[in-house]
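Survey of secondary and tertiary structure
For reference, the chains in residue letters:
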Amino acid sequence: MLCTPTISATAADAYNSACTTLLEKISLCSTGDKKCVVVVAGGESVHHVLRKAFSAQSNWGNVIFVLADERCLPVGDSQRNDTALLSLIDSHSFESSPQLVSIPAERGPANGSIELENILKKVGKPNIVMISVADDGHIASLFPLSGHLSATTWSCAITDSPKAPRERVTCSMAYFALTTHRIALQTGHNKRDIFVRLQQGERLPLAVFSPTHWFLDSDAAQ
């Protein structure tokens, strides 16, 4: 069941609110020497929040970032999610740096998914998942009406993505559901249709994700 969204006047305000929640949950989940596993999607909204969070505190040594999905492209390709996130991490000075777990999507969807499954089993259950919602309603690489939405494995091999590239590797809804802290970001006029469709009861991927914290700006909510 979807939670009641926090609606802010601007996208920047929504990112600030999400940043506050993210830092609170990380602090809650990483007491002492405990590791906090944070699953993050690619995209500008998530990076806006992470940029604010990295600027707000410097000790991230107990945090393990896991990418929600990855495109099947060579390592270092500018369109890969891990390339962008590594660049963001490298642009900050940390007292203690976070760990990044990349998805081996360069191995192809089938092999990459098998390897990701093994990686996730070693990393363990996520503490926090933070995703953004695309204008077509997909989250990570889980698209509306996709049979992968009901997968019981922790990873999925995508070979028919409606958006290029067609081949991807993604964490599954079953994996996302293992955490009690699920943050969704939805900003901009082009996301307005998503909110309306959800209110009308359409079972989009965000409804399956069932965020515990949902941040919109006024453009996405009107």
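Provided above is the structure to which this section pertains.
This write-up is about the structure you can find in this document. (Residues numbered from 1 in each chain as written. Predicted model: local features only at pLDDT ≥ 70, side-chain atom pairs only at ≥ 80, totals over all residues. Heavy atoms only, no water.)

1. Describing the overall build of the protein chain
Helices and strands together make up the secondary structure of the protein chain, namely eight helices and 10 strands. For a compact globule of 222 residues, the expected C-alpha radius of gyration is about 17 Å, and the protein chain comes in at 16 Å, within 12% of that figure. For the protein chain, the spread of C-alpha atoms along the three principal axes comes to 40 × 40 × 30 Å. Classification of the 222 residues of the protein chain by burial places 55% in the buried group. Of the contacts formed within the protein chain by residues at least 6 apart in sequence, a portion of 76% connects residues at least 24 apart. Here the protein chain has roughly 9,700 Å² of accessible surface; of this, 49% comes from carbon and sulfur atoms. (Helix = DSSP H or I, 4+ residues; strand = E, 2+ residues; numbered from the N terminus. Rg over C-alpha atoms; globule rule 2.2 N^0.38 Å. Buried < 20%, exposed > 50% of the residue type's maximum accessible area, 1.4 Å probe, protein only. Contact = heavy atoms within 4.5 Å. Areas by Shrake-Rupley, 256 points an atom, 1.4 Å probe, with all protein chains shown as cover.)

2. A short note on the pattern of salt bridges
Following the criterion strictly, the structure yields eight salt bridges and no others. A salt bridge links Arg 80 to Glu 70; its shortest N-O distance comes to 3.9 Å. Of this pair, Arg 80 sits in the loop between β4 (69–71) and α3 (81–90) while Glu 70 is found in strand β4, placing the two residues 10 residues apart along the sequence. Classification of Arg 80 as buried rests on a relative accessible area of 2%. Residue classification places Glu 70 among the buried residues on the basis of a relative accessible area of 0%. In this structure, Arg 197 engages Glu 202 in a salt bridge whose closest nitrogen and oxygen atoms are separated by 2.9 Å. Exposure remark for Arg 197: the relative accessible area of 18% places this residue in the buried category. Where salt bridges share partners, they join Glu 70, Arg 80, Asp 82 and Glu 106 into one cluster. (Salt bridge = Lys/Arg side-chain N within 4 Å of Asp/Glu carboxyl O.)

3. Thoughts on the nonpolar core
Leu 22, Leu 50 and Phe 176 are the most contacted members of the largest nonpolar core, which has 67 residues in total. Not counting residues within four places of it along the chain, the set of residues in contact with Phe 176 comprises Val 39, Ala 68, Val 129, Ala 140, Leu 142, Cys 171, Arg 182 and Phe 209. (Core = buried A, V, L, I, M, F, W, Y, C linked by side-chain atoms within 4.5 Å.)

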